[in-house]
Amino acid sequence: HTRITVSTPEEMRQLGRDVAAVLRAGDLVLLSGELGAGKTTFTRGVGEGLGVRGAVTSPTFVIARVHPSLTGGPALVHVDAYRLGGGLDEMEDLDLDVSLTDSVVAVEWGEGRVEELSEDRLHVRIERAVGAEERFEDQRTVTLHGVGERWATADLAALA
Ligand code: ADP
Ligand code: MG
């Protein structure tokens with residue numbers, strides 16, 4: 001597990017850009033952390049790093065949004081699984097106009113909901129310090145944890 005301390009929203013975005021550099025088509029990224037932790041902020045950075053069309057915003061009112069690549073790379077499929085009552089089945093029923101294997105799929109609230117989508121997945125857990133002093137209010141701890149063969153040799157520690 002790689003743990004990274006992030007102090008500002010801008011640093012969170014930058015971390016997303018850095019992580020995007022190791023992502024490729026077919027990758028599944030599962031984001032966890034309470035409301036306001038920074039899951040969408042991180043994913044915005046991933047979108048910037050991948051060079052996709054459209055700013056990544058909170059997908060709360062749509063379940064999934066597809067951001068096509070501007071550069072011929074993988075699209076970013078950004079999913080909010082919080083409202084995916086049926087979990088994986090519903091995820092597979094989403095009528096997306098891209099194939100998930102041609103995309104990087106980033107799922108907020110995806111842990112325990114859509115994990116079976118792939119044997120390989122990158123878990124991004126974002127935590128804020130509990131009861132932190134005001135000056136640490138923006139501080140977050142991000143834990144990166146790759147599961148499966150895809151991530152066995154990936155050097156996530158280099159992102160810290
Ligand atoms: P989530 O998707 O987890 O609900 P968002 O990314 O939508 O969270 O919102 C995070 C909020 O917290 C934003 O308003 C952002 O400006 C603020 N924030 C403060 N510090 C940080 C930080 N270090 N990383 C990410 N967001 C932060
Ligand atoms: Mg969000």
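These remarks concern the structure in this document. This structure is a prediction, so every number in the text was calculated from the model and none was measured.

Quick look at the environment of Asp93
Point 1. On the secondary structure map, Asp93 appears in helix α3 (residues 88–93).
Point 2. A sequence separation of 37 residues divides Asp93 from Val130, and the C-alpha atoms of the two residues are 37 Å apart.

Things to note about the packing of helix α1 (residues 9–20) against helix α2 (residues 39–50)
Point 1. Running from N to C, α1 and α2 point in directions that differ by 45 degrees, and their axes come no closer than 6 Å. Of the possible angle classes, the one that applies to α1 and α2 is oblique. Like other packed secondary-structure pairs, α1 and α2 cross with a definite hand, here right-handed. For the pair formed by α1 and α2, the contact residues are Pro9, Met12, Arg13, Gln14, Leu15, Gly16, Arg17, Val19 and Ala20 on the first element and Thr41, Phe42, Thr43, Arg44, Gly45, Val46, Glu48, Gly49 and Leu50 on the second.
Point 2. Class assignment of the residues belonging to the contact of α1 with α2 gives a composition of eight nonpolar, six polar and four charged.

Here we look at α1
Point 1. With twelve residues, α1 ought to run about 16 Å at 1.5 Å a step, and its terminal C-alpha atoms sit 17 Å apart, in line with that.
Point 2. Looking at the buried side of α1, the elements it contacts are β1 (2–6), α2 and β7 (140–147).

Section: the pairing of β7
When a strand is regular, its side chains alternate between the sheet's two faces.
Point 1. Side chains Arg140, Val142, Leu144 and Gly146 project from β7 onto a buried face, and the interleaved Thr141, Thr143, His145 and Val147 project onto a face without burial.
Point 2. Relative to β7, β1 runs antiparallel, the two being bridged by five bridges. The residue bridging Ile4 from the neighbouring strand is Val142, located in β7.
Point 3. In the sheet, strand β6 (residues 121–128) pairs with β7 via eight bridges, with the strands oriented antiparallel. Residue pairing for β7: Leu122 is matched across the bridge by Gly146.

Points about the site of ligand 1
Point 1. Around ligand 1, 17 residues are found, and the nearest of them are Met12, Gly38, Lys39, Thr40 and Asp138.
Point 2. Elements with a contribution of two residues or more to the shell around ligand 1: α1 and α2.
Point 3. For the shell around ligand 1, the per-class residue count stands at five nonpolar, eight polar and four charged.

Comments concerning the nonpolar core
Point 1. By size, the foremost hydrophobic cluster in this structure holds 34 residues, and its most contacted members are Val29, Leu76, Val105, Ala106, Val107 and Val124.
Point 2. Those elements giving two or more residues to this core turn out to be β1, α1, β2 (28–32), α2, β4 (75–80), β5 (103–108), β6 and β7.
Point 3. Not counting the four nearest positions on each side in its chain, Val124 is found in contact with Val29, Leu30, Leu31, Phe42, Val142 and Leu144.

As for the sheet that holds strand β3 (residues 64–67)
Point 1. Read across the open sheet, the seven strands follow the order β1-β7-β6-β2-β5-β4-β3; overall the sheet is mixed. A strand with exactly one partner marks an edge of an open sheet, and here the two such strands are β1 and β3. Geometrically, the sheet is characterised by an average inter-axis angle of 20 degrees between neighbouring strands, direction not taken into account.
Point 2. Here β2 runs beside β6; their pairing, made up of four bridges, is parallel.

Details of α2
Point 1. With twelve residues, α2 extends 17 Å from end C-alpha to end C-alpha; this agrees with the ideal 16 Å at 1.5 Å per step.
Point 2. Regarding α2, the residues found buried are Lys39, Thr40, Thr41, Phe42, Thr43, Arg44, Gly45, Val46, Gly47, Gly49 and Leu50.
Point 3. Elements that come into contact with the buried residues of α2 comprise α1, β2, β3, β4, β5 and β6.
Point 4. A positive backbone phi angle near 75 degrees is found at Gly51, which sits one or two residues after α2.

Topic: unusual backbone geometry
Point 1. Residue Trp109 is not a glycine yet carries a positive backbone phi of 60 degrees.
Point 2. Since 19 C-beta atoms lie within 10 Å of it, Trp109 is described here as partly exposed.

Calculation rules
Residues numbered from 1 in each chain as written. Chains lettered and ligands numbered in written order. Predicted model: local features only at pLDDT ≥ 70, side-chain atom pairs only at ≥ 80, totals over all residues. Helix = DSSP H or I, 4+ residues; strand = E, 2+ residues; numbered from the N terminus. Axes fitted to C-alpha atoms, helices over the stretch in contact; angles between N-to-C directions. Parallel < 35°, antiparallel > 145°, perpendicular 65-115°, else oblique. Left-handed = near helix turned anticlockwise from the far one by under 90°. Contact = placed C-beta atoms within 7 Å. Nonpolar A, V, L, I, M, F, W, Y, C, P; charged D, E, K, R; others polar. Expected span 1.5 Å × (residues − 1). Buried ≥ 20, exposed ≤ 12 C-beta atoms within 10 Å, placed from the backbone. Pairing = 2+ DSSP bridges. Near = placed C-beta within 6 Å. Core = buried A, V, L, I, M, F, W, Y, C linked by C-beta atoms within 7 Å.

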